[in-house]
Amino acid sequence: MEEIYKKARARINLSLEVLGKREDGYHNIKSVFQKINFYDEIWIRKNKTADCRLEINVETLNNQENIVYQAYLKLKEKFPNLSGVDVKINKKIPMQAGLAGGSADCATFLLAMNKLFGLSLSKSEIESIGKSLGADVVPCLYHQAVLVEGIGEKITKINTNFKYYVVIVKPVISCDTKQMYQALDANSQLIQLQVADKVILALENNQIQTLANHLYNVFEEVLEEKEEIHNIKNEFSKNDAIGTLMSGSGSCVYGLFEKKEKAKRAYHQLKTNYQTYICTSYNTRRENKYDKK
């Protein structure tokens, strides 16, 4: 095998609690991640160099600070004789959006390299590399809904094949993750809802109304641009979304729909004023044996 193609799927947070800052500077979280069928495309081809050459349709990402390039360096440390690769990424997932696009690219790259070069990395080895690169990388290794705890390294798979429709709006504003966590740290009196168990139960029982009733993201409480997010959520409600929430540290807002027709109508209505996407939830283990380990 000389080349491999993979889809790096985004995720949304159905629930997100931040449980406190650790001594190492990271934060412990408790969150339900839902993988969605909205993705960047990645092609990886072996070359005769000893380097990773990036070609990304977002010019600012074509540099050695890119998380995919950093993942290549981590693999190179472990396998010094690893040959070079040409990596082409067609980015569709918006940046600074709360959809874990960069982490999804990194996770997908690690899994693809393991297969392309027959590296025989174990699950724990891949997760160790992923954890060293970013808090969201480990959960992005899974192709299904998961409960994420710790700093992102504690994963519990959720037994669900629930398919529903997701419409996503990316506002003009972007959110800096570091600044959002700083805002949380400065608001120590904030009381957070504890809804993860109810969200998981709703997913396991295909109950979209119960799921919608318990959507929660603590970052909505400290967001400076609350009016912008509030307006988008109102637009979703006017367009028959069953539930709506900001994902991650922002700034994307999504709406949940049970029926495809209503999701498509909302998508066409919202895209006249916003950068808008439509997709479905994604829960499968057929594509990747990694999830079965």
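Everything numeric here is computed off the predicted structure, so don't read it as measured data.

(A) A look at the overall build of the protein. When its secondary structure is counted, the protein shows nine helices and eleven strands. With respect to the three principal axes, the spread of C-alpha positions in the protein is 55 × 45 × 35 Å. Within the protein, the proportion of its 293 residues that are buried is 54%. In the protein, the share of contacts with a sequence separation of at least 24, taken over all contacts with a separation of at least 6, comes to 74%. Taken as a whole, the protein presents about 14,000 Å² of accessible surface, with 44% of it coming from carbon and sulfur.

(B) Expanded view of the packing of helix α2 (residues 101-116) against helix α3 (residues 123-133). Running from N to C, α2 and α3 cross one another at 150°; their axes reach a closest spacing of 10 Å. By the angle between their axes, α2 is roughly antiparallel relative to α3. The hand of the α2/α3 crossing is right-handed. Counting all contacts with α2, which are made through Cys106, Leu110, Leu111 and Asn114, the residues of α3 involved are Ile126, Ile129, Gly130 and Leu133. Looking at the contact of α2 with α3 residue by residue, the class counts come to six nonpolar, two polar and no charged.

(C) Highlighting the layout of surface pockets. Of the volumes computed, that of the largest pocket is approximately 1,400 Å³. In this structure, the largest pocket is lined by 47 residues; those nearest its centre are Ala100, Ser103, Asp136, Thr177 and Ser249. Among the secondary structure elements, those contributing two or more residues to the lining of the largest pocket are β1 (3-21), β2 (27-46), α1 (67-78), α2, α3 and α5 (177-185). The biggest single contributor to the lining of the largest pocket is α5, with five residues. Residue classes in the lining of the largest pocket are distributed as 20 nonpolar, 17 polar and ten charged.

(D) Fine view of the nonpolar core. Ranked by internal contacts, the top residues of the largest apolar core, which has 97 residues, are Leu14, Ile44, Val87, Ile168, Leu203 and Leu211. A total of nine residues in this core trace back to one element, the largest contributor, which is α2. Sequence-distant contacts of leucine 203, that is, excluding residues within four places in its chain, are made with Leu14, Val32, Gln34, Ala145, Ile158, Thr160, Phe162, Tyr164 and Leu211.

(E) Representation of empty space enclosed by the protein in the model. Inspection of the entire model under this criterion finds one cavity of 30 Å³ or more. Approximately 40 Å³ is the volume attributed to the largest cavity. What lines the largest cavity is Arg11, Phe33, Gln34, Lys35, Pro139, Cys140, Tyr142, Gln144 and Val146. For the lining of the largest cavity, the elements supplying multiple residues, two or more each, are β2 and α4 (137-140). With three residues, β2 is the single largest residue contributor to the lining of the largest cavity.

(F) Here's a closer look at the pairing of strand β6 (residues 154-157). Alignment of strand β5 (residues 146-150) against β6, held across four bridges, turns out to be antiparallel. By the bridge assignment for β6, valine 146 is matched with lysine 157. A loop of three residues connects β5 with β6, the two strands running antiparallel in sequence, and glycine 152 in this loop sits at a positive phi of about 120°.

Parameters and conventions
- Residues numbered from 1 in each chain as written.
- Predicted model: local features only at pLDDT ≥ 70, side-chain atom pairs only at ≥ 80, totals over all residues.
- Heavy atoms only, no water.
- Helix = DSSP H or I, 4+ residues; strand = E, 2+ residues; numbered from the N terminus.
- Buried < 20%, exposed > 50% of the residue type's maximum accessible area, 1.4 Å probe, protein only.
- Contact = heavy atoms within 4.5 Å.
- Areas by Shrake-Rupley, 256 points an atom, 1.4 Å probe, with all protein chains shown as cover.
- Axes fitted to C-alpha atoms, helices over the stretch in contact; angles between N-to-C directions.
- Parallel < 35°, antiparallel > 145°, perpendicular 65-115°, else oblique.
- Left-handed = near helix turned anticlockwise from the far one by under 90°.
- Nonpolar A, V, L, I, M, F, W, Y, C, P; charged D, E, K, R; others polar.
- 1 Å grid on protein atoms, 1.4 Å probe; cavity = no way out; pocket = protein on both sides within 12 Å on 5 of 7 lines; lining within 4 Å.
- Points joined across faces, edges and corners; volume = space filled by probe spheres on them.
- Core = buried A, V, L, I, M, F, W, Y, C linked by side-chain atoms within 4.5 Å.
- Pairing = 2+ DSSP bridges.

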